[in-house]
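# Fold and geometry: a report
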Amino acid sequence: QVEDNPVGWDKRLGMFYVPFFMAATNSPVVRRAHALAGFPWGRDFVYREVMSTPGNAKGLAMAVGITAGLAGIAVAMKRPRLRSLLEKRAPQPGEGPPEAKRNAGHWKVRFVGEAGPDRMIYVAADDAGDPGYGSTRKMLGESALCLAQDPLTSEGGVITPSIAMGDALLTRLRKAGLRFEAAAVDMTN
């Protein structure tokens, strides 16, 4: 179980973890989808989102560095003068990594689900898609096509993507090259 420490260790995954900068945005969406779906994992469902680093000395150094960097940015963003300096150094609209770097990009997300003694790891990944450009393009494009072309069962309203598009979007994302898999985990470790 992930505690609320800035840097932690997950012994079953053998990795360090640190805060993930998108957790404040993503976590409420996940909890809202869970509620809209009728609480399929129970009303005591907890969702936390962190980023992992390798389970070695280099990974620990990365974890400490990432956490310190995030803390420094948070402090700087509260100071107008420092925020102005950061804004000047940040990539401008239209800037980004070169095409070769984007084409070589990939990502992998592990979702660890626990219920009593049972633990599952669900993996979402794109082996040929930079997370900031290639995969985002796929997800946005397939979401738009799904909304425009697929018969959806949602009644509409203020809902989340998983509730609005569900399996139709999942099918489209798989065809676009994203992977979604589940694997049992040995709890004796």
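Each chain carries its own residue numbering, running from 1 in the written order of its sequence. Predicted model: local features are reported for residues with pLDDT of at least 70 only, side-chain atom pairs are reported and counted for 80 or more only, and whole-chain, interface and lining totals are derived from all residues. Only hydrogens and water are removed before side-chain values are computed, so all heavy atoms of the structure are retained for them.

## Concerning the overall build of the protein
Keep this limit in mind: Secondary structure elements follow DSSP: runs of H or I no shorter than four residues count as helices, runs of E no shorter than two count as strands, and numbering proceeds from the N terminus. Residue exposure (1.4 Å probe, protein chains only): buried if accessible area is under 20% of the type maximum, exposed if over 50%, otherwise partly exposed. Throughout, a contact is declared for two residues whenever any of their heavy atoms are within 4.5 Å.
When helices and strands are tallied, the protein shows 6 helices and 6 strands. Taken from N to C terminus, the helices and strands of the protein fall in the order β-β-α-β-α-α-α-β-β-α-α-β. Across its three principal axes, the protein shows a C-alpha extent of roughly 50 × 45 × 35 Å. Buried positions account for 22% of the 189 residues belonging to the protein. Once local pairs closer than 6 in sequence are excluded, the contacts in the protein between residues at least 24 apart make up 56%.

## Here's the deal with the sheet that holds strand β3 (residues 50-53)
Worth spelling out the cut-off: DSSP bridges decide pairing: two strands pair if at least two such bridges lie between them. Interaxial angles span 0 to 180 degrees and are taken between N-to-C directions of axes, which are lines fitted to C-alpha atoms, for helices over the stretch in contact.
Taken in spatial order, the 3 strands of this open sheet run β1-β2-β3, and their pairing is antiparallel. The sheet is open, and its two edges are formed by β1 (8-10) and β3, each paired on a single side. Each strand axis lies, on average, 40 degrees off the axis of its neighbour in the sheet, ignoring direction. The sheet contact formed by β1 and strand β2 (residues 15-19) spans 3 bridges and is antiparallel. Looking at β2, one finds that W9 is bridged to F16.

## Comments concerning the packing of helix α5 (residues 134-149) against helix α6 (residues 161-175)
Put simply, the test is: Roughly parallel means an angle under 35 degrees; roughly antiparallel, over 145; roughly perpendicular, 65 to 115; everything else is oblique. Left-handed is the label given to a crossing in which the near helix is rotated counterclockwise from the far helix by less than a right angle, and right-handed is the label when the rotation is clockwise. Side-chain classes are defined by residue name, with Ala, Val, Leu, Ile, Met, Phe, Trp, Tyr, Cys and Pro counting as nonpolar, Asp, Glu, Lys and Arg as charged, and the others, Gly among them, as polar.
Where α5 meets α6, the axes come as close as 9 Å, and the angle between the chain directions of the two elements is 130 degrees. When the interaxial angle is binned, α5 and α6 end up oblique. Crossing of α5 over α6 shows right-handed handedness. Across from K138, M139, E142, S143, L145, C146, L147 and Q149 in α5, the residues of α6 making contact are M165, A168, L169, R172 and L173. Split by residue class, the contact of α5 with α6 holds 8 nonpolar, 2 polar and 3 charged.

## What to know about the side chain of D126
The cut-off we apply is this: Whenever two N or O atoms come within 3.5 Å, that pair is a polar contact, provided that in protein one can donate a hydrogen and the other can accept it, and provided that, for residues adjacent in sequence, both atoms are side-chain atoms.
Mapped onto the fold, D126 is located in strand β5 (residues 118-126). Separated by 3.4 Å, the side chain of D126 and the backbone nitrogen of G129 make a polar contact. Not counting chain neighbours up to four residues away, the residues in contact with D126 comprise H106, W107, S135, K138, G177 and L178.

## Observations concerning a nonpolar patch on the surface
The condition that has to hold: Patch definition: residues above 30% relative accessible area lacking any salt bridge, with like charges linked at up to 9 Å and the nonpolar side chains Val, Leu, Ile, Met, Phe, Trp and Tyr linked at up to 5 Å. Per-residue accessibility takes into account occlusion by the displayed protein chains alone, with areas from the Shrake-Rupley method and a 1.4 Å probe. One speaks of a salt bridge when a side-chain nitrogen belonging to Lys or Arg is within 4 Å of a carboxyl oxygen belonging to Asp or Glu.
On the surface, I73, M77 and L86 cluster together into a nonpolar patch covering about 230 Å² of accessible area. Relative to the assigned elements, I73 resides in helix α2 (residues 57-77).

## As for the pattern of salt bridges
Following the criterion strictly, the structure yields 5 salt bridges and no others. Among the ionic pairs, R172 bridges to D150, the shortest N-O distance being 2.8 Å. Taken together, the residues R172 in helix α6 and D150 in the loop between α5 and α6 connect sequence positions 22 residues apart. The class for R172 is buried, based on a relative accessible area of 16%. The residue E181 makes a salt bridge to R179 at a minimum N-O spacing of 2.9 Å. In this structure E181 comes out as partly exposed when scored by relative accessible area, which is 40%. Classification of R179 as partly exposed rests on a relative accessible area of 25%. Residues joined in a network through salt bridges with shared partners are D127, R179 and E181.

## Describing the confidence of the model for the protein
In regions of low pLDDT, the predicted coordinates are not meant to be interpreted in detail. Formally: Values of pLDDT, which run from 0 to 100, indicate the predictor's confidence residue by residue.
When pLDDT is averaged along the protein, the result is 87, and 94% of the positions lie at 70 or above. Within the protein, no element has a lower average pLDDT than strand β6 (residues 178-184), which sits at 83, and none a higher one than α5, at 94.

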